[in-house]
Amino acid sequence: MKKILFGFVFLLISVSALNAQEKKQKLNEFKMFSRAEVSYLFGINDAGINEKINSLHIKLVIGTANPFVGFGVGLENASYKAADGNGANFQMLNLSANAHVLAKPISTDELNFFLKGAVGYAPRVFREYNKGFNYEIGPGILLTTKKKSKYFLQAMYQFQEIAGFTINNSHPKIKAVGLGIGTWF
């Protein structure tokens, strides 16, 4: 798991360095951005509790970016439920560090591709919520409408540990893949 995270960070830094060398204009101009997204993920493992867990995520990311690379802080509400509708049910409020890399400048009206990732932790803020480490990575496409609004569609892989819950002397570890949509400001 740590190798995946370090590999992702190394990839983001490498792509950022390459973009900085190739695209010298305006790379020192950092502007604020925000991203709002909704995603649904399907569990791909039994999470240690003999059932697959699906999840619904609503996330807001605010940060700073140049035309190709951005870094931000995210707040995400996630609801995890057993795929059959019965059994496990977890609520998480994730705080995360987020990064993204764009293939073309954000200002382009053309179809654009991106790679984004996040690493975070869900503290137990409310009694009904669980805590635990998480990360996600996902490629996507960014579309610009005629009115200059930006929308995106993404594929995602996510890992979530449920540290506030123990079964068989271990914490459930949810691995999931899914799709998300959102707006990019």
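Residues numbered from 1 in each chain as written. Predicted model: local features only at pLDDT ≥ 70, side-chain atom pairs only at ≥ 80, totals over all residues. Heavy atoms only, no water.

## Brief notes about the overall build of the protein chain
And step 1. In terms of regular secondary structure, the protein chain is built from one helix and eight strands.
And step 2. Ordered by position in the sequence, the α and β elements of the protein chain form the string α-β-β-β-β-β-β-β-β.
And step 3. In the protein chain, buried positions account for 45% of the 185 residues.
And step 4. A separation of at least 24 residues holds for 58% of the contacts in the protein chain among residues at least 6 apart in sequence. (Helix = DSSP H or I, 4+ residues; strand = E, 2+ residues; numbered from the N terminus. Buried < 20%, exposed > 50% of the residue type's maximum accessible area, 1.4 Å probe, protein only. Contact = heavy atoms within 4.5 Å.)

## Re the nonpolar core
And step 1. In terms of nonpolar packing, the biggest core is built from nine residues, these being Ile 53, Ala 78, Tyr 80, Ala 88, Phe 90, Met 92, Ala 122, Ile 162 and Ile 174.
And step 2. Among the elements of the structure, β3 (69–82) and β4 (89–102) are those that each provide at least two residues to this core.
And step 3. Once residues within four sequence positions are removed from consideration, Met 92 is found in contact with Glu 76, Asn 77, Ala 78, Tyr 80, Ala 122, Tyr 129, Asn 130, Lys 131, Gly 132, Gln 160, Glu 161 and Ile 162.
And step 4. Val 61, Ala 65, Leu 142 and Phe 152 belong to the second-largest nonpolar core, a separate cluster that totals eight residues. (Core = buried A, V, L, I, M, F, W, Y, C linked by side-chain atoms within 4.5 Å.)

## Regarding the sheet that holds strand β5 (residues 112–122)
And step 1. In spatial order, the strands read β1-β2-β3-β4-β5-β6-β7-β8; together these eight strands close into a barrel with antiparallel pairing. Direction aside, neighbouring strands of the sheet carry axes that sit 25 degrees apart on average.
And step 2. Sheet analysis places β4 next to β5, joined by eight bridges and oriented antiparallel. Counterpart to Leu 95 in the pairing with β5 is Tyr 121. (Pairing = 2+ DSSP bridges. Axes fitted to C-alpha atoms, helices over the stretch in contact; angles between N-to-C directions.)

## As for the pattern of salt bridges
And step 1. Under the defined criterion, the tally for this structure stands at seven salt bridges.
And step 2. Residue Lys 104 is joined to Glu 110 by a salt bridge in which the shortest nitrogen-to-oxygen separation is 2.9 Å.
And step 3. Overall, the relative accessible area of 29% leaves Lys 104 in the partly exposed class.
And step 4. Relative accessible area serves as the criterion here: at 47%, Glu 110 is assigned to the partly exposed category. (Salt bridge = Lys/Arg side-chain N within 4 Å of Asp/Glu carboxyl O.)

## Quick notes on unusual backbone geometry
Negative phi values dominate among residues other than glycine, just as trans dominates among peptide bonds.
And step 1. The backbone phi angle of Lys 148 is positive, close to 70 degrees, even though this residue is not glycine.
And step 2. Tracing the chain through its elements places Lys 148 in the loop between β6 (132–144) and β7 (150–161).
And step 3. Lys 148 sits in the exposed class, given a relative accessible area of 53%.

## Brief notes about the packing of aromatic side chains
And step 1. Applying the stated rule across the entire model yields ten aromatic pairs.
And step 2. For the ring pair Phe 33 and Trp 184, a centre distance of 6.5 Å and an interplane angle of 35 degrees mean the geometry is tilted. In this pair, Phe 33 sits in strand β1 (residues 31–43) while Trp 184 sits in strand β8 (residues 173–184), placing the two residues 151 residues apart along the sequence. For the pair Phe 33 and Trp 184, a shared accessibility class is recorded, and that class is buried.
And step 3. Through successive ring pairs, a cluster of aromatic residues spans Phe 33, Phe 114, Phe 152 and Trp 184.
And step 4. Sitting over the face of the ring of Trp 184, Arg 35 holds its NZ or CZ atom 5.1 Å from the ring centroid. (Phe/Tyr/Trp six-rings, centres within 6.5 Å; stacked < 30°, edge-to-face > 60°. Lys NZ or Arg CZ within 6 Å of the ring centre and 35° of its normal.)

## Concerning the environment of Gly 182
And step 1. One can find Gly 182 in strand β8.
And step 2. The exposure class of Gly 182 is buried, given its relative accessible area of 11%.
And step 3. Each C-alpha atom of the pair Gly 182 and Leu 153 lies 6.8 Å from the other, and the pair is 29 residues apart in sequence.
And step 4. Discounting chain neighbours no more than four positions away, the residues touching Gly 182 are Ala 36, Glu 37, Lys 150, Tyr 151 and Phe 152.

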